[in-house]
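Close look at the chain arrangement
Here are the chains, one letter per residue:
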Amino acid sequence: DQQVKQNSPSLSVQEGRISILNCDYTNSMFDYFLWYKKYPAEGPTFLISISSIKDKNEDGRFTVFLNKSAKHLSLHIVPSQPGDSAVYFCGFVLEYGNKLVFGAGTILRVKS
Amino acid sequence: NAGVMQNPRHLVRRRGQEARLRCSPMKGHSHVYWYRQLPEEGLKFMVYLQKENIIDESGMPKERFSAEFPKEGPSILRIQQVVRGDSAAYFCASSPDIYGYTFGSGTRLTVV
């Protein structure tokens, strides 16, 4: 979708280090932001979300950051584990909207 | 509580045949969404339905594709006269509201 850009198609990280995945968006009407993880041959699974009134949300090893002025969303995973290797999609919901728009995805490989 | 059930998991069709993909949402979920993932691409929104209503079909190809979510039974994504370019993974998601998406495992359509 043209409104959302995940500029890094892939990322390789050493086990134990931090993984940082990024998304940029153009539509200022997005008000809810999510990250999904997808393994091959499986459906996407919800990971973490943040609403537009916050700039940070943390859940265990996963932290999502939202910079509304820069229209930038990021996901930090620390420490990274080999089981985190998957495709990560950022997702956006419009204010009063009803559909989830995804980025193109970033393949994360965590090396042991 | 079973998750979102999609069947079949794999579907092979010859060019010109019809493909029917089924999605049973989670119990209590009244919103159903269909997404398509073409090879090497991200998740593209196709259609959003509630019982007996199409709410947003802005992502559906104009021809050959249709979707329904009847009062009773699963949601159906129907592709008539399939072509090789329809080969993709089709994912269904359901939610109780506009935010809590749960995805099924997908149907992988191969057109030969």
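Residues numbered from 1 in each chain as written. Chains lettered and ligands numbered in written order. Predicted model: local features only at pLDDT ≥ 70, side-chain atom pairs only at ≥ 80, totals over all residues. Heavy atoms only, no water.

1. Here we look at the sheet that holds strand E8 (residues 75–79) of chain B
All names here are of chain B. What the 4 strands build is an open sheet, ordered E1-E3-E8-E7; its pairing is antiparallel. Of all the strands in the sheet, the pair left with one neighbour each is strand E1 (5–7) and strand E7 (65–68). This sheet shows a mean twist of 15° between the axes of neighbouring strands, independent of strand direction. In the sheet, E7 pairs with E8 via 4 bridges, with the strands oriented antiparallel. (Pairing = 2+ DSSP bridges. Helix = DSSP H or I, 4+ residues; strand = E, 2+ residues; numbered from the N terminus. Axes fitted to C-alpha atoms, helices over the stretch in contact; angles between N-to-C directions.)

2. Structural notes on the packing of aromatic side chains
The full count for this structure, using the stated rule, is 16 aromatic pairs over all chains. Each residue in the set Tyr36(A), Phe46(A), Phe89(A), Phe102(A), Tyr33(B), Tyr35(B), Phe45(B), Tyr48(B), Tyr101(B) and Phe103(B) is aromatic and connected to the rest through ring pairs, giving one cluster. (Phe/Tyr/Trp six-rings, centres within 6.5 Å; stacked < 30°, edge-to-face > 60°.)

3. Side note on the layout of surface pockets
By volume, the largest pocket amounts to about 490 Å³. As for the largest pocket, its lining consists of 23 residues, and the residues nearest its centre are Val87(A), Ile107(A), Gln37(B), Glu40(B) and Glu41(B). Mapped by element, the contributors of at least two residues to the lining of the largest pocket are strand E9 (86–94) and strand E11 (106–111) of chain A together with strand E9 (88–95) of chain B. Here the lining of the largest pocket is built from residues that sort into 14 nonpolar, 5 polar and 4 charged. (1 Å grid on protein atoms, 1.4 Å probe; cavity = no way out; pocket = protein on both sides within 12 Å on 5 of 7 lines; lining within 4 Å. Points joined across faces, edges and corners; volume = space filled by probe spheres on them. Nonpolar A, V, L, I, M, F, W, Y, C, P; charged D, E, K, R; others polar.)

4. Concerning unusual backbone geometry
Cis geometry is adopted by the peptide bond preceding Pro79(A), which originates at Val78(A) and carries an omega value of -10°. Here the residue pair Asn7(B) and Pro8(B) is connected by a cis peptide bond, since its omega of -5° sits within 30 degrees of zero. Even without being glycine, Glu52(B) reaches a positive phi, approximately 65°. Checked against the element boundaries, Glu52(B) lands in the loop between strand E5 (43–50) and strand E6 (53–56). The class of Glu52(B) is exposed, set by a relative accessible area of 56%. In this structure, Arg64(B) is a non-glycine residue whose phi angle is positive, near 75°. Note on placement: Arg64(B) falls in the loop between E6 and E7. (Buried < 20%, exposed > 50% of the residue type's maximum accessible area, 1.4 Å probe, protein only.)

5. Remarks on the sheet that holds strand E7 (residues 62–67) of chain A
Within a sheet, each strand pairs with its neighbour through backbone hydrogen bonds, oriented either parallel or antiparallel. Spatial ordering of the open sheet is given by E1-E3-E8-E7-E6 (chain A), a layout of 5 strands whose pairing is antiparallel. Because the sheet does not close on itself, it has two edges, and the strands there are strand E1 (4–5) and strand E6 (56–59) of chain A.

6. Some words on the interface of chain A and chain B
Facing 19 residues of chain A, the contacting portion of chain B comprises 21 residues. Of the roughly 1,600 Å² buried where chain A meets chain B, counting both sides, 58% is carbon and sulfur surface. The interface formed by chain A and chain B holds 1 salt bridge in total. A salt bridge links Lys99(A) to Asp56(B); the shortest N-O distance between them is 3.4 Å. (Contact = heavy atoms within 4.5 Å. Buried area = accessible area lost by both parts, 1.4 Å probe. Salt bridge = Lys/Arg side-chain N within 4 Å of Asp/Glu carboxyl O.)

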